[in-house]
Amino acid sequence: MVPDPDHVADDEELYRSIKQEFLTTEDGVLRARSEAFGDREQQVSVDRALLLDKDPRRARRTEGAAVACLLASAVRIKIPQRDVKGREVGTYVIDVIPEPRPDNPAHAVIYANPDFVSPNHFRKLREHLARTHQIVLLPEGE
Amino acid sequence: MPAVKGGTRRFERSTVNATRTSVGSYFVIAEPFQEVDWSPDPESPARQEDLERAHRKASLLATLLRIRLIQHREEGWNGYDALPPDRDAVVYAMTWLRELFREVEDAGLTWLQPHVTSSAEGEVVLQWWNDPKRLTIYFSVHEEAYIKSWGTDIETEMEDGDAASATNRARLWEWLTS
């Protein structure tokens with residue numbers, strides 16, 4: 001399958017490098033905590049697996065880091081935007097788009113449109129990602 | 001000490017436990033261990049209770065030390081673009097945790113040790129997992145906020161709010177440990 005350079009398909013896998021300190025075990029399964037998906041610009045960097053030949057080792061950002069895998073369709077959610085009285089006034093659309101860099105053609109970002117108003121929305125998105133990923137590469141000797 | 005949005009409540013509380021040195025860093029006066037009048041009978045309930053209390057306090061001190069250590073993180077510490085933890089947030093988190101510990105002990109509730117980290121935005125983050133419940137507290141110069149979650153759905157299985165007050169701490173702890 002040749003990936004579309006301008007669009008991330010719903011069935012594409014996305015890799016995120018996870019430092020060992022963000023890992024924990026839940027019911028015997030290794031999981032990444034929500035802060036593993038943090039980003040100061042509220043744009044979560046990921047790598048498109050297809051462009052890394054589905055080799056998660058190529059997604060590591062630090063030596064020995066684990067790698068989490070997210071499915072694009074699970075990332076693409078909609079969150080109601082509410083006013084202070086709880087009335088729905090719009091919708092945050094979470095999407096993932098390619099953002100290739102000279103040093104990393106596989107780079108993509110998960111972001112909200114429009115930008116989140118409250119930091120709590122991005123915190124909840126991180127929690128959502130922490131509950132929907134799978135660890136596909138174990139950490140090594142960190 | 002920077003201005004704190006939302007009143008002086010936290011400023012007042014922080015000065016009780018924290019002092020600022022001439023070089024601008026904070027150190028927090030750790031509550032010393034109290035002498036324990038150990039029961040001579042190692043099998044007695046009183047002795048077991050003392051041991052358990054000592055374990056809980058050791059757990060708290062280990063967590064406080066972990067919070068202090070994360071202030072040495074540098075920009076990009078997470079492998080991406082994370083900011084270093086804010087030093088005021090470190091002080092707030094230590095103060096908040098000590099208050100929570102005291103309240104939990106006074107109420108005779110179960111103590112759970114949190115995971116300590118910091119966010120990409122420079123907040124100090126404490127997180128408890130009690131499957132399927134997860135409680136995360138974020139400390140910054142602006143706020144002490146919580147996210148609790150019990151599933152993946154952001155709208156129906158997550159909740160956010162202010163974690164600063166003793167009332168809210170008690171409510172969150174009851175939810176987490178129930």
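All values derive from a computational prediction rather than experimental measurement.

Asks: What should I look at first to understand the sheet that holds strand β1 (residues 13-18) of chain A in this one?
Replies: Think of a sheet as strands paired side by side through backbone hydrogen bonds, with each pair either parallel or antiparallel. Residue and element names in this part refer to chain A. Ordered in space as β6-β7-β8-β4-β1-β5-β9, the 7 strands form an open sheet in which the pairing is antiparallel. Of all strands in the sheet, those with a lone pairing partner are β6 (78-82) and β9 (134-137), marking the two edges. The mean inter-strand angle of the sheet, taken between neighbouring strand axes irrespective of direction, is 35 degrees. Relative to strand β8 (residues 107-113), strand β7 (residues 88-98) runs antiparallel, the two being bridged by 6 bridges. Bridge assignment links Asp95 to a residue of β8, and that residue is Tyr111.

Asks: Help me understand the interface of chain B and chain A in this model?
Replies: Accessible area lost during the coming together of the parts is what is often quoted as the interface size. On the chain A side, the residues contacting the 40 residues of chain B number 36 residues. Around 3,200 Å² of area is buried between chain B and chain A when both sides are counted, 48% of it from carbon and sulfur atoms. The largest share of the area that chain B buries against chain A comes from B:Tyr80, B:Trp129 and B:Ile154, three residues that together contribute 23% of it. Joining chain B to chain A, the criterion identifies 9 salt bridges. Of all elements in the fold, only β3 (115-118), β4 (124-130), β5 (133-139), β6 (144-149) and β7 (158-162) of chain B reach the threshold of two or more residues within the side of chain B that touches chain A. Residue classes in the side of chain B that touches chain A are distributed as 15 nonpolar, 12 polar and 13 charged.

Asks: Looking at this structure, I do not really get helix α4 (residues 166-177) of chain B. What am I missing?
Replies: Residues spaced three or four apart along an α-helix point in a common direction, a consequence of the helix completing one turn every 3.6 residues. All names here are of chain B. The end-to-end C-alpha distance of α4, which contains 12 residues, comes to 16 Å, matching closely the 16 Å that a straight helix rising 1.5 Å per residue would cover. Those residues of α4 not exposed but buried are Asn168, Arg169, Leu172, Trp173, Trp175 and Leu176. Down the axis, α4 shows its buried residues gathered within 160 degrees of arc, on one side only. Opposite the buried face of α4, at more than 90 degrees from it, the exposed residues are Arg171 and Glu174.

Asks: Looking at this structure, I do not really get helix α3 (residues 87-107) of chain B. What am I missing?
Replies: Residue and element names in this part refer to chain B. With 21 residues, α3 extends 31 Å between its outermost C-alpha atoms, agreeing within 8% with the 30 Å of an ideal straight helix rising 1.5 Å per residue. For α3, the buried fraction is high: 15 of the 21 residues fall into the buried class. One side-chain oxygen at the N-terminal end of α3 lies 2.8 Å from the backbone nitrogen of Asp88; it belongs to Asp86. Looking one or two residues past α3, Gly108 carries a phi angle of roughly 70 degrees, positive in sign.

Asks: What should I look at first to understand the sheet that holds β3(B) in this one?
Replies: All names here are of chain B. A sheet is described by the order of its strands in space; here 5 strands give the open sequence β3-β4-β5-β6-β7, paired in antiparallel fashion. Each end of this open sheet is capped by a strand with a single partner; those strands are β3 and β7. Taken pair by pair, the neighbouring strands of this sheet meet at an average axis angle of 20 degrees, ignoring direction. Pairing of β6 with β7, which is carried by 5 bridges, proceeds in the antiparallel orientation. Its bridge partner being in β7, Tyr146 is matched across the sheet by Gly161. Of the strands in this sheet, β3 and β4 are in contact with helix α2 (residues 45-70), which crosses β3 at around 15 degrees.

Asks: What's the story with the pattern of salt bridges in this structure? I'm lost.
Replies: Side chains carrying opposite charge are able to pair once their charged atoms draw close together. All names here are of chain A. Taken as a whole and assessed by the stated rule, the structure comprises 27 salt bridges over all chains. Notably, a salt bridge pairs Lys54 with Glu13, separated by 3.9 Å at the nearest N-O pair. Remark: Glu13 occurs in strand β1 and Lys54 occurs in the loop between β4 (44-48) and β5 (66-71); sequence separation between them is 41 residues. On the accessibility criterion, Lys54 (48% relative accessible area) is partly exposed. According to the relative accessible area criterion, Glu13 is partly exposed, its value standing at 29%.

Asks: Which parts of the structure should I look at to understand the side chain of B:Glu123?
Replies: Position of B:Glu123 relative to the elements: it lies in the loop between β3 and β4. A distance of 2.4 Å separates the side chain of B:Glu123 from the side chain of A:Arg123, its partner in a polar contact. A polar contact is formed between the side chain of B:Glu123 and the side chain of B:Ser119, at a distance of 2.6 Å. Ignoring any residue separated from it by four or fewer positions in sequence, one finds B:Glu123 in contact with A:Arg123, A:Arg126, B:Thr117, B:Ser118, B:Tyr138, B:Phe139 and B:Ser140.

Asks: When you look at the pairing of β7(A) in this model, what are you seeing that I'm missing?
Replies: The two faces of the sheet receive side chains in turn, since in a regular strand these alternate between them. All names here are of chain A. Pairing of β6 with β7, which is carried by 5 bridges, proceeds in the antiparallel orientation. Paired with Lys78 across the strands is Val93, a residue of β7. Between the end of β6 and the start of β7, which pair antiparallel, lie 5 residues, with Gly86 showing a positive phi angle near 85 degrees.

Asks: When you look at the nonpolar core in this model, what are you seeing that I'm missing?
Replies: Proteins that are soluble and globular tend to have nonpolar side chains buried together. Among the nonpolar cores identified, the biggest contains 34 residues, and A:Ile18, A:Phe37, A:Ile94 and A:Ile110 are the most heavily contacted of them. Elements with a contribution of two residues or more to this core: β1, β4, β5, α1 (72-75), β7, β8 and α2 (119-132) of chain A. Element by element, the count of residues in this core is highest for α2(A), at 4 residues. In contact with A:Ile110, not counting residues within four places along its chain, are A:Gln42, A:Gln43, A:Val44, A:Val46, A:Leu70, A:Val75, A:Ile94, A:Asp95, A:Val96 and A:Leu129. One finds B:Ile67, B:Ala89, B:Trp111 and B:Trp173 within the second-largest nonpolar core, a separate group that totals 28 residues.

Asks: Can you walk me through the packing of α2(B) against α3(B) in this structure?
Replies: When two helices pack together, you describe them by how their axes are tilted relative to each other and by the distance separating the axes. Residues and elements named next belong to chain B. Here α2 crosses α3 at 170 degrees, and the two axes come no closer than 9 Å. When the axis of α2 is compared with that of α3, the two are roughly antiparallel. The chirality of how α2 crosses α3 is right-handed. The segment α2 lies against α3, with Arg53, Arg56, Lys57, Leu60, Thr63, Leu64, Ile67 and Arg68 engaging Val90, Ala93, Met94, Leu97, Arg98, Phe101 and Glu105. Of the residues contributing to the contact of α2 with α3, the split by class is 8 nonpolar, 1 polar and 6 charged.

The rules behind each value
Residues numbered from 1 in each chain as written. Chains lettered and ligands numbered in written order. Predicted model: local features only at pLDDT ≥ 70, side-chain atom pairs only at ≥ 80, totals over all residues. Heavy atoms only, no water. Pairing = 2+ DSSP bridges. Helix = DSSP H or I, 4+ residues; strand = E, 2+ residues; numbered from the N terminus. Axes fitted to C-alpha atoms, helices over the stretch in contact; angles between N-to-C directions. Contact = heavy atoms within 4.5 Å. Buried area = accessible area lost by both parts, 1.4 Å probe. Salt bridge = Lys/Arg side-chain N within 4 Å of Asp/Glu carboxyl O. Nonpolar A, V, L, I, M, F, W, Y, C, P; charged D, E, K, R; others polar. Expected span 1.5 Å × (residues − 1). Buried < 20%, exposed > 50% of the residue type's maximum accessible area, 1.4 Å probe, protein only. Arc of directions from axis to C-beta. Polar contact = N/O pair within 3.5 Å; in protein donor to acceptor, adjacent residues only side chain to side chain. Core = buried A, V, L, I, M, F, W, Y, C linked by side-chain atoms within 4.5 Å. Parallel < 35°, antiparallel > 145°, perpendicular 65-115°, else oblique. Left-handed = near helix turned anticlockwise from the far one by under 90°.

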